Amino acid sequence: MTSDPGPREAWVELKHLVLRGEGKNVAYLTCPPEFDPNCAFFIVLFFHGFEKPLEIQVAKHALAAQVAGAKRNCLLVCPRSSLGDRSGDNPGLFARDAQVSGFLEELPEHIGALAPAVAPAIVEARAAAAPLVVATFSGGHSLASRMLVHEGARRRVECCAFFDSLYGSDEYFRNPLAVLRTAALVAIHRDDYDSTPRTYE
């Protein structure tokens, strides 16, 4: 009997980061052990909340286990975003169309880190055309909604999923019909959501 190889994971340095600053140019990638870039796949872009740093969010949400458990030919990309919704860093550098475009364009080369046995040209060609699922937790909705007004990104999005997210006012997500013309929109909120003011670390 062979042991389960478990999900594949990688930490990469971004050229087109969400935030300026030392240590901000980081993204987490994961895919199921059976991920096959020779076949069509989709990319989940996950924007985490503001209460904890990226490394803690990865563990808290068990991102690798969730992706592996989905049993789909997919991968997840989670860039480091802001810590604290009072920081003024949301959506940070993603406020620029060129930054969003650059982020999407560089993803294919990073995805190759999850499939080193496959020719980079194959991985990059598949990744450049892969449909996107945009998912957010908590305050991550500000980054997702900014991305959804970027025409190039919106053309590739097939589903938007907000988990305890998309609450309150938002500067960008003012035309959900533009998204719903081509994508599904899902929003899930807990009944026991704690609205107590947070202290950010």
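Described in the following lines is the structure provided in the data block. (Residues numbered from 1 in each chain as written. Predicted model: local features only at pLDDT ≥ 70, side-chain atom pairs only at ≥ 80, totals over all residues. Heavy atoms only, no water.)

## Overview of the packing of aromatic side chains
Each aromatic ring pair is summarised here by two numbers: the centre-to-centre distance and the angle between the ring planes.
Alright, step 1. If you walk through the whole model with that rule in mind, you get four aromatic pairs.
Alright, step 2. With 5.1 Å between their ring centres and 75° between their planes, Phe35 and Phe41 make a pair best called edge-to-face. For the pair Phe35 and Phe41, a shared accessibility class is recorded, and that class is buried.
Alright, step 3. An aromatic cluster is present here, built from Phe47, Phe94 and Phe103 joined pairwise through their rings. (Phe/Tyr/Trp six-rings, centres within 6.5 Å; stacked < 30°, edge-to-face > 60°. Buried < 20%, exposed > 50% of the residue type's maximum accessible area, 1.4 Å probe, protein only.)

## Structural notes on the nonpolar core
Alright, step 1. Core analysis: the largest hydrophobic core is formed by 40 residues, its most contacted members being Ile43, Leu45, Leu75, Val77, Phe103, Leu104 and Met147.
Alright, step 2. Excluding its chain neighbours within four sequence positions, the residues that come into contact with Leu75 are Thr30, Cys31, Phe35, Phe41, Phe42, Ile43, Val44, Ile111 and Leu114.
Alright, step 3. Residues Phe42, Cys74, Val133 and Cys159 belong to the second largest nonpolar core, which totals 18 residues. (Core = buried A, V, L, I, M, F, W, Y, C linked by side-chain atoms within 4.5 Å. Contact = heavy atoms within 4.5 Å.)

## Notes on the side chain of Arg156
Alright, step 1. With respect to the element layout, Arg156 can be found in helix H6 (residues 151–156).
Alright, step 2. Among buried Asp, Glu, Lys and Arg side chains, Arg156 stands out as unpaired, with Glu105 the closest opposite charge at 8.6 Å.
Alright, step 3. Among the polar contacts made by the side chain of Arg156, one reaches the main-chain carbonyl oxygen of Ala130 at a distance of 2.7 Å.
Alright, step 4. What Arg156 contacts, discounting residues up to four positions off in sequence, is Ile43, Leu104, Ala127, Ala128, Ala129, Ala130, Pro131 and Leu132. (Helix = DSSP H or I, 4+ residues; strand = E, 2+ residues; numbered from the N terminus. Lys, Arg positive; Asp, Glu negative; His and termini not counted. Salt bridge = Lys/Arg side-chain N within 4 Å of Asp/Glu carboxyl O. Polar contact = N/O pair within 3.5 Å; in protein donor to acceptor, adjacent residues only side chain to side chain.)

## Some thoughts on the environment of Arg20
Alright, step 1. With respect to the helices and strands, Arg20 occurs in the loop between strand E1 (8–13) and strand E2 (26–31).
Alright, step 2. Those residues within four positions of Arg20 in sequence are excluded, and the remaining contacts are Leu93 and Arg96.

## What to know about the pattern of salt bridges
Alright, step 1. The full count for this structure, using the stated rule, is two salt bridges.
Alright, step 2. We note a salt bridge from Lys15 to Glu109, for which the minimum N-O separation is 2.9 Å. Of this pair, Lys15 sits in the loop between E1 and E2 while Glu109 sits in helix H3 (residues 97–111), and the two are 94 residues apart along the sequence.
Alright, step 3. Accessibility expressed as a relative area gives 52% for Lys15, which makes it exposed.
Alright, step 4. When its relative accessible area of 42% is taken as the criterion, Glu109 is described as partly exposed.
Alright, step 5. In this structure, Glu55 and Arg80 form a salt bridge, with 2.7 Å as the shortest nitrogen-oxygen distance.

## Here we look at unusual backbone geometry
Alright, step 1. Positioned with a positive phi, Ala62 is a non-glycine residue whose angle comes to about 50°.
Alright, step 2. You can see Ala62 is positioned in the loop between helix H1 (54–60) and helix H2 (63–69).

## Focus: the sheet that holds strand E7 (residues 184–188)
Backbone hydrogen bonds hold the strands of a sheet together, and the pairing may be parallel or antiparallel.
Alright, step 1. Pairing in this open sheet of seven strands is mixed, and the strands run E1-E2-E4-E3-E5-E6-E7 from one edge to the other. Of all the strands in the sheet, the pair left with one neighbour each is E1 and E7. Pairs of neighbouring strands in the sheet enclose a mean axial angle of 15°, with direction left out of account.
Alright, step 2. Sheet topology note: the strand E5 (residues 132–137)/strand E6 (residues 157–163) ladder contains six bridges and is parallel. Bridge pairing in E6 links Thr136 to Phe162. (Pairing = 2+ DSSP bridges. Axes fitted to C-alpha atoms, helices over the stretch in contact; angles between N-to-C directions.)

## Some details on the pairing of E5
Alright, step 1. Within E5, six of the six residues are buried, leaving the element largely enclosed by the surrounding structure.
Alright, step 2. Burial along E5 is two-sided: Leu132, Val134 and Thr136 facing one way and Val133, Ala135 and Phe137 facing the other are all buried.
Alright, step 3. As defined by bridge partners, strand E3 (residues 42–47) adjoins E5 across five bridges and the pair is classed as parallel. Its bridge partner being in E5, Ile43 is matched across the sheet by Leu132.

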